[in-house]
Amino acid sequence: MTIAQEQQASWIRNFNPLLASNSSRWPTRAGVYEPLMIFNTLKGELVPWLATKHEWSEDNKKLTLTLRPGVKWSDGQPFTAKDVAFTFGLMKQHKALDISAVWTFLDSVQAKDDATVEFTMTRAFVPGLIYIVHQPIVPEHKWKDVADPVMYKNETPVATGPFTEVKVFQNQVFELGRNPHYWQPGKPAVESIRFPAYPSNDQANLALLTGELDWAGSFVPDIDRVFVAKDKEHNHYWFPLVGNTTVLYVNTTKKPFNDVRVRKALSMAIDRDQIVKVAMYGYTRPSDATALSDTHDRWRNPQAVQAGDWTKLNIEKANAMLDEAGYKKGADGVRVGPDKKPLRFDVNVVTGWTDWVRAAQIITQNLKQVGVDAVLKTYDFSPYFERIQKGEFDASMGWTSEEPSPYFVYRDLMGTETLRPIGEVSARNWHRYGSKEADALLQAFEATNDPEEQKKIAYQMQDLFVKNAPVIPLFPGPSWGEYSTRRFTNFPNKDNPYAKLTPNTPPENLLVLVEVKPK
């Protein structure tokens, strides 16, 4: 089965599952390696995977996981609770591997026996369940002698997932074969998965249109005409708005982005209707000021939505707020700040992400109308991602998290626990914004299992976000997914929604990898 998920000019052989997505090759984190459980967004439920059961103590400070019996690593060694404890120990020892900052709430992880792992929290932390069960697990017997697991490329992985064997690895293509010891009898049905390198949407889409690809997660402009109409029997897509939200990150450690009036003024200068129509081909809608996608619809606070007027186009008010913040228009029409410097900055976007490039072009044109000299800068994905993770940018297109509740979105966008200094890699909170008020709400959410109380707190988080505009929401991201049934079947779709179709949201893509079958 031929798949396009990453867009890179050439491949670097890296199968380290402890790094952030996109740092290692797809599907390292969920396909080569596996998590303990998987949250199925469409069904709103946890699917048992390497663990079959979880149980909280009465005070929500201790979590016990029961592991699945009979699971083996791809070299035939047994998978045990010691591997789970070892993996979390590595993350404690090497902070760069602790992508979800679990050691900010974990006190200890112990293998009680071969099939039982006990996680003790420093405080009641109910949302921690998702971070823990979504963590890919590595084998202790292979990783205990790795000198630097942060830089380790793990070129020949030993893992529990359905595809562990590197059959081919070249600059322009790689291929993974089935795990000979996979724990699900008869799965995967697909013998191998193949990944040609495509540097941009355009090349990936061309491969999709010519029938080279079986499964992809790309933005395809005017898809009914250019893809489906070419072969209505086999060519299909499904774009539900259950992806993350696409936002404009502004670096809040820098002037003028440390001023909420400037952040809201910039937002009010952006024509989201034009972005949705021209850049996104009508696949989505403008975001409201809560920054929540349809994944979190049942949590949405109508009062917060109503109060968030700063995501509505209002040039007059944008100009007034920039004036009030001390940024007056100079003789050349470009605003000048109190420090006498022109209001000029870069907007970063990934080369070849044509929908985002077009959206960023509209944004820079919109901002010029209010005297802001914003300049579009494109980078290949790897340097773009390094810049945004290290906080080395002015403004940058980006995405929010899409975990099960608004807690996760706002922990990433407003919590201080995920803050890192400029220059240090951060898997979350790329714009470096922290709020003590948000911390208090996040901690209250963490301590309760009561759905009504959780909803009340989530409403307050939305109020706080709308008041402070830490990032500039643009539109709920469609969950991109296209497939062809010429060679393979049983992909999810609106009539068979057993999982998200998109390959872009690990670990949910595992649910598809083990269900797709040759025709």
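For the structure itself, look to the data block above.
Residues numbered from 1 in each chain as written. Predicted model: local features only at pLDDT ≥ 70, side-chain atom pairs only at ≥ 80, totals over all residues. Heavy atoms only, no water.

### Digging into the nonpolar core
Met1, Trp49, Phe88, Leu106, Phe119 and Phe345 are the most contacted members of the largest nonpolar core, which has 167 residues in total. Beyond its immediate chain neighbours, meaning those up to four positions away, Trp49 contacts Glu34, Pro35, Leu36, Met37, Ile38, Arg68, Tyr182, Trp183, Gln184, Leu510, Leu511 and Val514. (Core = buried A, V, L, I, M, F, W, Y, C linked by side-chain atoms within 4.5 Å. Buried < 20%, exposed > 50% of the residue type's maximum accessible area, 1.4 Å probe, protein only. Contact = heavy atoms within 4.5 Å.)

### Brief notes about empty space enclosed by the protein
Counted under the stated rule, the structure contains two cavities of 30 Å³ or more. The computed volume of the second largest cavity comes to approximately 30 Å³. The residue makeup of the lining of the second largest cavity, split by class, is three nonpolar, seven polar and one charged. (1 Å grid on protein atoms, 1.4 Å probe; cavity = no way out; pocket = protein on both sides within 12 Å on 5 of 7 lines; lining within 4 Å. Points joined across faces, edges and corners; volume = space filled by probe spheres on them. Nonpolar A, V, L, I, M, F, W, Y, C, P; charged D, E, K, R; others polar.)

### Quick word on the packing of aromatic side chains
The tally for this structure, following the rule as stated, stands at 41 aromatic pairs. Taken together, a centroid distance of 6.1 Å and an interplanar angle of 55° make the contact between Trp215 and Phe491 tilted. With Trp215 in strand S11 (residues 215-216) and Phe491 in the loop between strand S21 (488-489) and helix H16 (509-513), this pair connects stretches of sequence that are 276 residues apart. Taking the relative accessible area as the measure of exposure, Phe491 reaches 4% and is therefore buried. With a centroid separation of 4.8 Å and an interplanar angle of 50°, the aromatic rings of Tyr237 and Phe239 are classed as tilted. (Phe/Tyr/Trp six-rings, centres within 6.5 Å; stacked < 30°, edge-to-face > 60°. Helix = DSSP H or I, 4+ residues; strand = E, 2+ residues; numbered from the N terminus.)

### Brief notes about helix H7 (residues 260-268)
Of all nine residues in H7, seven are buried; the element is thus mostly enclosed. Those residues of H7 not exposed but buried are Val262, Arg263, Lys264, Ala265, Leu266, Ser267 and Met268. Here H7 starts with a cap whose side-chain oxygen sits 2.8 Å from the backbone nitrogen of Arg261, and that cap is Asp259. (Polar contact = N/O pair within 3.5 Å; in protein donor to acceptor, adjacent residues only side chain to side chain.)

### Let's talk about unusual backbone geometry
Residue Pro27 is reached from Trp26 by a cis peptide bond, and omega for that bond is 5°. Even without a glycine there, the phi angle at Ala101 is positive, about 55°. Along the polypeptide, Ala101 turns up in the loop between helix H2 (81-93) and strand S6 (106-113). Owing to a relative accessible area of 2%, Ala101 belongs among the buried residues under this scheme. Here Ala469, not a glycine, exhibits a phi torsion of approximately 45°, which is positive. In this structure, Ala469 sits in the loop between helix H15 (451-468) and strand S19 (472-476). Ala469 gets classed as buried once you look at its relative accessible area, which sits at 0%.

### A few points about the sheet that holds strand S4 (residues 51-56)
Reading across from one edge, S4-S5-S7-S6 is the order of the four strands in this open sheet, with antiparallel pairing throughout. Each edge of the sheet is formed by a strand with only one pairing partner; in this case those strands are S4 and S6. Averaged over all adjacent pairs, the angle separating strand axes in this sheet is 20°, with direction ignored. Relative to strand S7 (residues 116-121), strand S5 (residues 62-67) runs antiparallel, the two sharing five bridges. Residue pairing for S7: Leu65 is matched across the bridge by Val117. Strands in contact with H2 are S5, S6 and S7; relative to S6, the strand with the most contacts, it is inclined by about 160°. (Pairing = 2+ DSSP bridges. Axes fitted to C-alpha atoms, helices over the stretch in contact; angles between N-to-C directions.)

### Comments concerning the pairing of strand S16 (residues 344-350)
Burial within S16 is extensive, with five of its seven residues counted as buried. Bridging between S16 and strand S17 (residues 373-379) involves seven bridges; their strand directions are parallel. Paired with Phe345 across the bridge in S17 is Ala374. Assessed by its sense of winding, the connection that carries the chain from S16 through helix H11 (residues 354-368) to S17 is right-handed. (Right-handed = clockwise from strand over helix to strand, strands pointing away.)

### Some remarks on helix H13 (residues 406-414)
The element H13 is extensively covered by neighbouring structure, given that nine of its nine residues are classed as buried. Those residues of H13 that fall on the buried side of the exposure criterion are Pro406, Tyr407, Phe408, Val409, Tyr410, Arg411, Asp412, Leu413 and Met414. Buried positions along H13 lie against helix H3 (128-133), strand S13 (245-250), helix H14 (436-446) and H15.

### Notes on the sheet that holds strand S12 (residues 235-237)
One open sheet accounts for four strands, arranged S1-S11-S20-S12; its pairing is mixed. At either end of the open sheet lies a strand with only one pairing partner, and these are strand S1 (3-4) and S12. With two bridges joining them, S11 and strand S20 (residues 482-484) adopt antiparallel strand pairing. Bridge pairing links Ala216 to Glu482 in S20.

### Notes on the layout of surface pockets
When its volume is computed, the largest pocket comes out at roughly 910 Å³. Looking at the largest pocket, it is lined by 33 residues, and the ones nearest its centre are Leu19, Ser23, Val150, Gln389 and Val425. Residue composition of the lining of the largest pocket, grouped by class: 14 nonpolar, 10 polar and nine charged. Approximately 650 Å³ is the volume attributed to the second largest pocket. Residue assignment for the lining of the second largest pocket shows that the elements contributing at least two residues are strand S3 (45-48), H3 and H15. Looking at the lining of the second largest pocket residue by residue, the class counts come to 11 nonpolar, seven polar and six charged.

### So, the pattern of salt bridges
Within the structure shown, the criterion is met by 27 salt bridges. Its salt-bridge partner being Lys167, residue Glu175 comes within 3.8 Å of it at the nearest N-O pair. Look at Glu175 and you get buried, because its relative accessible area is 19%. Lys167 sits in the partly exposed class, given a relative accessible area of 45%. In this structure, Lys377 and Asp346 form a salt bridge, with 3.4 Å as the shortest nitrogen-oxygen distance. Of this pair, Lys377 sits in strand S17 while Asp346 sits in strand S16, and the two are 31 residues apart along the sequence. (Salt bridge = Lys/Arg side-chain N within 4 Å of Asp/Glu carboxyl O.)

### Comments concerning the packing of H14 against H15
Closest axis-to-axis distance for the H14/H15 pair is 9 Å, and the angle between their directions is 165°. The pairing of H14 with H15 is recorded here as roughly antiparallel in orientation. Here the hand of the crossing between H14 and H15 comes out left-handed. Across from Glu437, Ala438, Leu441, Leu442, Ala444 and Phe445 in H14, the residues of H15 making contact are Gln454, Ile457, Gln460, Met461 and Leu464. Tallied by class, residues from the contact of H14 with H15 come to eight nonpolar, two polar and one charged. (Parallel < 35°, antiparallel > 145°, perpendicular 65-115°, else oblique. Left-handed = near helix turned anticlockwise from the far one by under 90°.)

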